[in-house]
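Observations on the three-dimensional arrangement
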Amino acid sequence: MKSNMKLMFVGVAMAGLMTACKQKGTEMTKSGAYKDTVGLAQFQQEKAEKERRAAEYNSAPVRTVRTTTNQPVTTTQPAARKKGWSKAAKGTAIGAGSGAILGAVINKKNRGVGAVVGGVVGGGVGYGVGRSKDKKDGRVQ
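A quick note: this is a predicted structure, and the numbers were derived from the prediction, not measured.

Describing the overall build of the protein
Of regular secondary structure, the protein possesses 4 helices and 4 strands. Counted from the first residue to the last, the protein has its helices and strands arranged as α-β-β-α-β-β-α-α. Across the protein, contacts joining residues at least 24 apart in sequence account for 31% of those joining residues at least 6 apart. Here the protein displays about 12,000 Å² of accessible surface, and carbon together with sulfur accounts for 62% of that area.

Listed below in structure tokens is the structure:
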């Protein structure tokens, strides 16, 4: 008797699963194909449009250059994009690290406070030096 109840329960559960697992978000058309009701096609179209815009944005801008005769000439050369760390960021990291080490060595009574103070001062000095190098290179105006 118990095995019949188990078998019946499994059968009812399977029937429930079969009806619950119908494909949601689609409807069958007369031709037998499924019609998109969730909006997947629209989503894919919007995604492709976003990718196209991003590619346009990331492509090199056209620059207008004035010649000696004041005639505008358009060039299609891409503007040089700087990659990696700026010199200001490198200076800050190097200055903070070396300042923390020096601060801990100098302040022998409380090395933690010396490291923090040295790191802040060293980071500030390193940032100033790196920023001036960035301005000289033309990375920052």
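Having put the structure on the table, let's press on.
Observations concerning helix α3 (residues 87-106)
Across its 20 residues, α3 extends 27 Å between first and last C-alpha, which sits within 8% of the 28 Å expected from 1.5 Å per residue. What α3 keeps buried is the set A88, G91, G95, G99, G103 and A104.

As for helix α4 (residues 111-137)
Across its 27 residues, α4 extends 38 Å between first and last C-alpha, which sits within 8% of the 39 Å expected from 1.5 Å per residue. Looking one or two residues beyond α4, the residue adopting positive phi is G138, at roughly 90°.

A look at the confidence of the model for the protein
The pLDDT averaged across the protein works out to 76; a share of 57% of its residues lies at or above 70. For the protein, per-element mean pLDDT is lowest for strand β1 (residues 26-28), which scores 57, and highest for α3, which scores 94.

Observations regarding the packing of α3 against α4
Running from N to C, α3 and α4 cross one another at 155°; their axes reach a closest spacing of 5 Å. Classified by the angle their axes make, α3 and α4 are roughly antiparallel. As α3 runs across α4, the sense of the crossing is right-handed. For the contact of α3 with α4, the residue count by class is 7 nonpolar, 12 polar and 6 charged.

Here we look at a nonpolar patch on the surface
On the surface, V113, V117, V121, V125 and V129 cluster together into a nonpolar patch covering about 410 Å² of accessible area. By relative accessible area, which is 44% here, V129 ends up partly exposed.

A closer look at the environment of R131
Its place among the elements puts R131 in helix α4. Take R131: its relative accessible area is 29%, and that puts it in the partly exposed class. In this structure, the C-alpha to C-alpha distance between R131 and G91, residues 40 residues apart in sequence, is 8.2 Å.

Describing the pattern of salt bridges
Across all of its chains, the model carries 3 salt bridges by this definition. K87 is the partner of D137 in a salt bridge, and the nearest nitrogen-oxygen pair spans 2.5 Å. Of the two residues, D137 sits in helix α4 while K87 sits in helix α3, which places them 50 residues apart along the sequence. Exposure remark for D137: the relative accessible area of 44% places this residue in the partly exposed category. Here the salt bridges share partners, and the residues they tie into one network are E49, R52 and R53.

Brief notes about the side chain of D134
Structurally, the position occupied by D134 is in helix α4. Of the side chains bearing the opposite charge, R139 lies closest to the buried D134, which forms no salt bridge; the N-O distance is 4.9 Å. Among the polar contacts listed, one links the side chain of D134 to the backbone nitrogen of K87, at a separation of 3.2 Å. Residues in contact with D134, not counting those within four places in the same chain, are S86, K87, A88, R139 and V140.

Parameters and conventions
Residues numbered from 1 in each chain as written. Predicted model: local features only at pLDDT ≥ 70, side-chain atom pairs only at ≥ 80, totals over all residues. Heavy atoms only, no water. Helix = DSSP H or I, 4+ residues; strand = E, 2+ residues; numbered from the N terminus. Contact = heavy atoms within 4.5 Å. Areas by Shrake-Rupley, 256 points an atom, 1.4 Å probe, with all protein chains shown as cover. Expected span 1.5 Å × (residues − 1). Buried < 20%, exposed > 50% of the residue type's maximum accessible area, 1.4 Å probe, protein only. pLDDT = per-residue confidence, 0-100. Axes fitted to C-alpha atoms, helices over the stretch in contact; angles between N-to-C directions. Parallel < 35°, antiparallel > 145°, perpendicular 65-115°, else oblique. Left-handed = near helix turned anticlockwise from the far one by under 90°. Nonpolar A, V, L, I, M, F, W, Y, C, P; charged D, E, K, R; others polar. Patch = residues over 30% accessible without salt bridge, like charges linked within 9 Å, V, L, I, M, F, W, Y side chains within 5 Å. Salt bridge = Lys/Arg side-chain N within 4 Å of Asp/Glu carboxyl O. Lys, Arg positive; Asp, Glu negative; His and termini not counted. Polar contact = N/O pair within 3.5 Å; in protein donor to acceptor, adjacent residues only side chain to side chain.

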